[in-house]
Amino acid sequence: MELEDPTMADSTIKLTVKFGGKSIPLSVSPDCTVKDLKSQLQPITNVLPRGQKLIFKGKVLVETSTLKQSDVGSGAKLMLMASQGLHQGEGPILKEASTRPISRTVVSDKVDQRKPSVLVDKNRTDRWKATGVIALAQANLKEIPEEVWDCGSGVRVLDISENFIKEVPAKISSFGSMQKLFLQGNGLSDESIQWEGIASLKRLMLLSISHNNLTVLPSAMGSLTSLRQLDVTNNKLTSLPNELGLLTQLEILKANNNRITSLPESIGNCTFLMEVDLSANIISELPETFTKLRNLKTLELNNTGLKTLPSALFKMCLQLSTLGLHNTEITVEFLRQFEGYDDFDERRRTKHQKQLDFRVVGSGQFDEGADKSW
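Residues numbered from 1 in each chain as written. Predicted model: local features only at pLDDT ≥ 70, side-chain atom pairs only at ≥ 80, totals over all residues. Heavy atoms only, no water.

If you look the protein up in an unreviewed UniProt entry, it shows as Ubiquitin-like domain superfamily from Arabidopsis suecica.

Written out as structure tokens, the structure reads:
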């Protein structure tokens, strides 16, 4: 992708930015500041400007300097380094991850070659039926094997994470006793999942669909009324459905590293929520209904556009002891103006001290990075 304005062709310089194993060609004005260049790189890399370090000839470029002042000319090659966590959306562009295939070599060496391989599959199927647990993570699967569907309604756990599966069919509804479903890391799109099948899993308590390419969660999600944990991190979601409020048993919600701009007011109905992670999204405010989350203990809002919090958050959420606000515009001085902040701060300090005591007693070493959240 090359950014170039034809009208400025005579007064632009061509340079290359190396990042995550990829080369990003750019055409910019020599009078462009380093800060402006970082802003141009944000939509390409998903790294926030404040998390970027541009290096040229072994030196970190100063934000206020122009490229000309930094001796960056046409043909220059810059290196971009990103601070961990300082990105929005689906995360920084890195080298394409490859799944780690499970080696079958050892197994095949032990199997009598005179016996048909179907016996191995039969044994596996019998084990699945006996335990109710189907574990097929990192197995280089392109589709869910037919033998999985033969396991019947006794299946409690299905883990098909980190494969190349492109379809989750409606017949997944046949697993009426399913409690845990792991679909993360398959590159699933919105069209890949027939949600009516998942929505019928009334006993489902954990759903992990992180690290996929989903842009929307359907209203059918509201049917999963037994859900305790929902992980939708590292997708391309711009919002969460209003039906989220129907998940009244939900305890953990992880939706960090998406493109979420706002949250539904109905989240206030999820009164059992204890942990919420909305970091690395584009949200600028939280609904006031957040104050109804009386069991909330951990709230992570790092790397967001937040400028304020619900006014009664500390007053009403009396269990809250961890609040992550790194790389937002909210300061400690600002928080001190909120009613109930002193009590929150005391809980935070007490929890932090317990963590330090545990680290010292458990390992004999002091962990300087123990307190990374408010």
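Student: Sorry if this is basic, but what is going on with the overall build of the protein here?
Tutor: Looking only at helices and strands, the protein has eight helices and 14 strands in total. Within the protein, contacts between residues at least 6 apart in sequence are counted, and of these 47% link residues at least 24 apart. A total accessible area of about 19400 Å² is found for the protein, and carbon and sulfur atoms account for 50% of it. (Helix = DSSP H or I, 4+ residues; strand = E, 2+ residues; numbered from the N terminus. Contact = heavy atoms within 4.5 Å. Areas by Shrake-Rupley, 256 points an atom, 1.4 Å probe, with all protein chains shown as cover.)

Student: Where do I start with the environment of Met-81 in this structure?
Tutor: With respect to the helices and strands, the residue Met-81 is situated in strand β5 (residues 77–82). Sequence spacing of Met-81 and Leu-54 is 27 residues, and the spatial spacing of their C-alpha atoms is 6.5 Å.

Student: Help me understand the packing of aromatic side chains, please; the structure alone is not making it clear to me.
Tutor: Describing an aromatic ring pair means giving the distance of the ring centres and the angle of the ring planes. Evaluation of the coordinates by the stated rule reveals six aromatic pairs. Considering the side-chain rings of Phe-314 and Phe-344, the 4.8 Å spacing of their centres and the 25 degrees angle between planes classify their relative orientation as stacked. A residue pair is termed long-range when its members are at least 10 positions apart, and Phe-314 in helix α6 (residues 313–316) and Phe-344 in helix α8 (residues 341–363) qualify at 30 residues. For the residue pair Phe-314 and Phe-344, the accessibility class agrees, reading buried in each case. Relative to Phe-344, the ring of Tyr-341 has its centre 5.9 Å away and its plane inclined at 50 degrees; by these criteria the two rings are tilted. Of the two residues, Tyr-341 and Phe-344 are both situated in helix α8; the distance of three residues between them amounts to about one turn of the helix. Classification of Tyr-341 as buried rests on a relative accessible area of 4%. Owing to a relative accessible area of 0%, Phe-344 belongs among the buried residues under this scheme. Grouping aromatic residues by their ring pairs yields a cluster made of Phe-314, Phe-334, Phe-338, Tyr-341 and Phe-344. (Phe/Tyr/Trp six-rings, centres within 6.5 Å; stacked < 30°, edge-to-face > 60°. Buried < 20%, exposed > 50% of the residue type's maximum accessible area, 1.4 Å probe, protein only.)

Student: Is there a simple way to explain unusual backbone geometry in this structure?
Tutor: Comment: phi is negative for the bulk of residues other than glycine, and the bulk of peptide bonds are trans. Unusually for a residue other than glycine, Asn-140 sits at a positive phi of about 60 degrees. Note that Asn-140 resides in the loop between β6 (133–135) and α4 (146–149). Backbone geometry at Asn-257 places phi at a positive 60 degrees, although glycine is not the residue there. Take Asn-257: it is sitting in the loop between β11 (252–254) and β12 (275–277).

Student: Explanation requested: the sheet that holds strand β14 (residues 322–324) in the structure shown.
Tutor: In a beta sheet, neighbouring strands are held together by backbone hydrogen bonds and run either parallel or antiparallel to one another. Taken in spatial order, the nine strands line up as β6-β7-β8-β9-β10-β11-β12-β13-β14 in an open sheet, and their pairing is parallel. Looking at which strands have only one partner, the edges of the open sheet turn out to be β6 and β14. Direction aside, neighbouring strands of the sheet carry axes that sit 5 degrees apart on average. The pairing of β6 with strand β7 (residues 157–159) spans three bridges and is classified as parallel. Looking across to β7, one finds that Ala-135 is bridged to Asp-159. (Pairing = 2+ DSSP bridges. Axes fitted to C-alpha atoms, helices over the stretch in contact; angles between N-to-C directions.)

Student: Explain the confidence of the model for the protein to me, please; I cannot follow it from the model alone.
Tutor: Close inspection of predicted coordinates is inappropriate for parts of the model with low pLDDT. Considering every residue of the protein, the mean pLDDT works out to 84; 82% of them sit at 70 or more. This stretch, residues 363–372, has a pLDDT under 50; its non-local contacts, to residues over four places away or in other chains, come to 15 contacts. (pLDDT = per-residue confidence, 0-100.)

Student: Even after reading the chapter, I still don't get the sheet that holds strand β1 (residues 13–19), so can you show me in this structure?
Tutor: With mixed pairing, the five strands of this open sheet are ordered in space as β2-β1-β5-β3-β4. Whereas interior strands pair on both sides, the edge strands pair on one side only; in this sheet they are β2 (22–28) and β4 (59–60). Relative to β5, strand β3 (residues 52–56) runs antiparallel, the two being bridged by four bridges. Looking across to β5, one finds that Leu-54 is bridged to Leu-80.

Student: In this structure, what is going on with the pairing of β3? I would like to understand it.
Tutor: Two faces make up the sheet, and in a regular strand the side chains alternate between them. Burial of β3 is extensive: four of the five residues sit out of reach of the surface. Summarising the sheet, β3 and β4 pair through two bridges and their orientation is antiparallel. Looking at the pairing, Phe-56 lines up with Lys-59 of β4. What sits between β3 and β4 in their antiparallel hairpin is a turn of two residues, with Lys-57 showing a positive phi close to 55 degrees.

Student: Just to check I follow, could you spell out the environment of Leu-136 for this structure?
Tutor: Within the secondary structure, Leu-136 sits in the loop between β6 and α4. By relative accessible area, which is 5% here, Leu-136 ends up buried. In this structure, Leu-136 is in contact with Arg-124, Trp-128, Leu-141, Pro-145, Val-148, Asp-159, Ile-160, Ser-161 and Asn-163, ignoring residues within four places of it in sequence.

Student: Looking at this structure, how should I read the pairing of β2?
Tutor: Pairing geometry for β1 and β2, over seven bridges, is antiparallel. Pairing of Lys-14 across the sheet is with Ser-27, part of β2. Counted between consecutive antiparallel strands, the loop separating β1 from β2 contains two residues, among which Gly-20 sits at a positive phi close to 60 degrees.

Student: What exactly am I supposed to notice about the pattern of salt bridges here?
Tutor: In a structure, side chains of opposite charge can pair up when their charged atoms sit close to one another. What the rule picks out here adds up to seven salt bridges. The partner of Glu-339 in a salt bridge is Lys-315, and the shortest N-O contact between them spans 4.0 Å. Of this pair, Glu-339 sits in the loop between α7 (332–335) and α8 while Lys-315 sits in helix α6; the two residues are 24 residues apart in sequence, bridging distant segments of the chain. For Glu-339, a relative accessible area of 52% puts it in the exposed group. Here Arg-349 ties to Asp-345 by a salt bridge, and the two come within 2.9 Å at their closest N and O atoms. Of this pair, Arg-349 and Asp-345 both sit in helix α8, separated by four residues, roughly a single helical turn. Given a relative accessible area of 13%, Asp-345 falls into the buried group. A cluster of three or more residues bridged by salt bridges with shared partners is formed by Asp-345, Arg-348 and Arg-349. (Salt bridge = Lys/Arg side-chain N within 4 Å of Asp/Glu carboxyl O.)

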